[in-house]
Amino acid sequence: MGALIPEDNNLGALFLGVVLSSIIYGVTWQQVYSYYTVHGANDRLLLKTFVAVLMVMDSVNLAFAIHGSYVTSITNFGDYAADARMPWSIPSIGITGMILEVFIQHFYAYRVYRLSRGTLYMPIIITLLSLTAFALGLVFCIRLVIIPFETEAHSHIRFFIATIAMQAACDIIITTSMVCYLMQNRTSVPRTNSVLNMLALYIISCGTLTALSGVTCLITISIFEHNWIYVPFYILQVRLYSCSFMSVLNSRDHIRQKFMGSDGGVITMSQLQRHSNSHSTNQSRPEDGPHSPIHVATPVRPHRASTVSSNTLAFDLEKYLARPTP
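Residues numbered from 1 in each chain as written. Predicted model: local features only at pLDDT ≥ 70, side-chain atom pairs only at ≥ 80, totals over all residues. Heavy atoms only, no water.

*Asks:* What is the right way to read the overall build of the protein from this model?
*Replies:* Across its full length, the protein holds ten helices and zero strands. For the protein, the sequential pattern of α-helices and β-strands runs α-α-α-α-α-α-α-α-α-α. Evaluated residue by residue, the protein yields a buried proportion of 48% over its 326 residues. Contacts in the protein between residues far apart in sequence, at least 24 positions, make up 79% of those at least 6 positions apart. As displayed, the protein has an accessible area near 16,000 Å², and 67% of this comes from carbon and sulfur atoms. (Helix = DSSP H or I, 4+ residues; strand = E, 2+ residues; numbered from the N terminus. Buried < 20%, exposed > 50% of the residue type's maximum accessible area, 1.4 Å probe, protein only. Contact = heavy atoms within 4.5 Å. Areas by Shrake-Rupley, 256 points an atom, 1.4 Å probe, with all protein chains shown as cover.)

This is how it looks when you write it as structure tokens:
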């Protein structure tokens, strides 16, 4: 005999979200281990501490999801009166998830600021969207704590819908602005353009994951607002934020070694300009005869920059928090 009140769209959705997000959580910790043991050796303490704080928030968020799934599925099993009240851990999922997302979005806003060479209007837009989404989501979660009855909580779902919409818009703006600023640095040097293209693909792939999860959550919560089908997509979005962030950090060494060699040097735009001018000058000189001197354009070898300037190419941008800036 089937259940008196089917819970497939509520408890089943929450259970699937916990299982799938736990898988991504394990992948993220593998990325964290690689970061601390290999890729983040030269990063300064501020960035390492930032990663540690994010993983604490990620772990607490998953713990709240597991607790909410256990209480609703096991502790309150068969007690439909108790199931009508949300456990405190359900709104806690939203609060901790939004804090983690705000941290990462502000980190990327700082990256946009660096890529734009100090332009403030895009980082300000990203910051305002992120903080507004956090404020609306916090209002929704507080109301869930004050009014824990599920039937009454759905009357405030519009706050959560606005939160997810603004977070998705923030992710799209971050991805679009970073790619646009990267493409503005394209030069006539093929190796430089290859680096920029690869970075753009990295940014698009990471930004698309979180934005797609947010859009899916927004669609499902708009269509099925009286059940929890949207919950697994939100839990997955939080896991994808931390996982994609760690993937970006660990990709720095791979990009540098592939395109710059093993010395880990940094090419600045001024060096590329000198190299491009030298190459053009040598090609434009006319030949006076068989005894005229031959001018060979010697490529400029990359060297390690002593300071991080505003013209540093984008593949070294992930190091800005790892080294002191002048």
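After that view, the rundown keeps rolling.
*Asks:* Where do I start with the confidence of the model for the protein in this structure?
*Replies:* Low-confidence regions, as indicated by low pLDDT, have predicted coordinates that should not be scrutinised in detail. With 72% of its residues at a pLDDT of at least 70, the protein reaches an overall mean of 76. This stretch, residues 262–276, has a pLDDT under 50; its non-local contacts, to residues over four places away or in other chains, come to 37 contacts. Confidence over residues 282–326 falls short of pLDDT 50; this stretch has 82 contacts with residues more than four positions distant or in other chains. (pLDDT = per-residue confidence, 0-100.)

*Asks:* Explain the nonpolar core to me, please; I cannot follow it from the model alone.
*Replies:* In globular proteins that are soluble, nonpolar side chains generally tend to be buried together. With 59 residues, the main nonpolar core has F160, Y234 and F245 as its most contacted residues. Broken down by secondary-structure element, the contributors of at least two residues to this core are α1 (8–39), α2 (45–75), α4 (89–115), α5 (121–146), α7 (157–183), α8 (190–223) and α9 (231–260). Dropping the residues within four chain positions of it, F245 is found in contact with F50, V51, L54, I104, F107 and Y108. (Core = buried A, V, L, I, M, F, W, Y, C linked by side-chain atoms within 4.5 Å.)

*Asks:* Mind showing me how you'd approach the pattern of salt bridges here?
*Replies:* Here the idea is simple: oppositely charged side chains can pair when their charged atoms come close. By the definition in use, this model includes one salt bridge. Between R239 and D58 there is a salt bridge; the shortest N-O distance is 2.7 Å. Taken as a pair, R239 in helix α9 and D58 in helix α2 lie far apart in primary sequence, 181 residues in all. With respect to burial, R239 and D58 carry one shared label: buried. (Salt bridge = Lys/Arg side-chain N within 4 Å of Asp/Glu carboxyl O.)

*Asks:* For this particular structure, what's the right way to read the packing of α4 against α7?
*Replies:* The relative placement of two packed helices comes down to the angle between their axes together with the axis-to-axis distance. Relative orientation of the contacting elements α4 and α7 amounts to 25 degrees, with a least axis distance of 10 Å. By the angle class used here, α4 and α7 are roughly parallel. Viewed along their axes, α4 and α7 form a crossing whose handedness is left-handed. Contact residues: α4 offers M98, E101, Q105, Y108, R111, V112 and L115, while α7 offers T163, Q167, C170, D171, I174, S177, M178, Y181 and L182. Grouping the amino acids of the contact of α4 with α7 by side-chain chemistry returns nine nonpolar, four polar and three charged. (Axes fitted to C-alpha atoms, helices over the stretch in contact; angles between N-to-C directions. Parallel < 35°, antiparallel > 145°, perpendicular 65-115°, else oblique. Left-handed = near helix turned anticlockwise from the far one by under 90°. Nonpolar A, V, L, I, M, F, W, Y, C, P; charged D, E, K, R; others polar.)

*Asks:* Can you walk me through the environment of A52 in this structure?
*Replies:* Structurally, the position occupied by A52 is in helix α2. Note: C-alpha distance between A52 and V32 (20 residues apart in sequence) is 8.8 Å.

*Asks:* Would you mind going over the packing of α4 against α5 with me for this structure?
*Replies:* Across the interface, α4 lies against α5 with an axial gap of 9 Å and an inter-helix angle of 175 degrees. When the axes of α4 and α5 are compared, the pair comes out roughly antiparallel. Partitioned by chemical class, the residues of the contact of α4 with α5 number 18 nonpolar, six polar and no charged.

*Asks:* Would you explain α5 in this entry?
*Replies:* A turn of α-helix holds 3.6 residues, and therefore any two residues three or four places apart point the same way. The terminal C-alpha atoms of α5 lie 38 Å apart, and with 26 residues this matches the ideal 38 Å at 1.5 Å per residue to within 8%. Among the residues of α5, M122, P123, I126, S130, A133, G137, F140, C141 and L144 are the ones counted as buried. (Expected span 1.5 Å × (residues − 1).)

*Asks:* Would you explain a nonpolar patch on the surface in this entry?
*Replies:* Residues F15, L16, V19, L20, I23 and V27 make up a contiguous nonpolar surface patch of about 530 Å² in total accessible area. Mapped onto the elements, I23 comes out in helix α1. According to the relative accessible area criterion, I23 is exposed, its value standing at 53%. (Patch = residues over 30% accessible without salt bridge, like charges linked within 9 Å, V, L, I, M, F, W, Y side chains within 5 Å.)

*Asks:* What's the story with the environment of C217 in this structure? I'm lost.
*Replies:* With respect to the helices and strands, the residue C217 is situated in helix α8. Judged by its relative accessible area of 0%, C217 falls in the buried class. In this view, C217 contacts F160, I164, Y230, F233 and Y234; residues no more than four positions away in its chain are not counted.

*Asks:* I keep staring at the packing of aromatic side chains and nothing clicks. Help me out?
*Replies:* Any pair of aromatic rings gets described here by the distance separating the centres and the angle formed by the planes. Tallying each qualifying case throughout the model produces twelve aromatic pairs. Summarising the aromatic geometry, the rings of Y108 and F245 are spaced 6.4 Å apart at their centres and angled 70 degrees between planes, so their arrangement reads as edge-to-face. Within this pair, whereas Y108 is found in helix α4, its partner F245 is found in helix α9, the two being separated by 137 residues in sequence. For Y108, a relative accessible area of 13% puts it in the buried group. What makes F245 buried here is its relative accessible area of 1%. Members of the aromatic cluster, connected to one another through ring pairs, are F50, F103, F107, Y108 and F245. (Phe/Tyr/Trp six-rings, centres within 6.5 Å; stacked < 30°, edge-to-face > 60°.)

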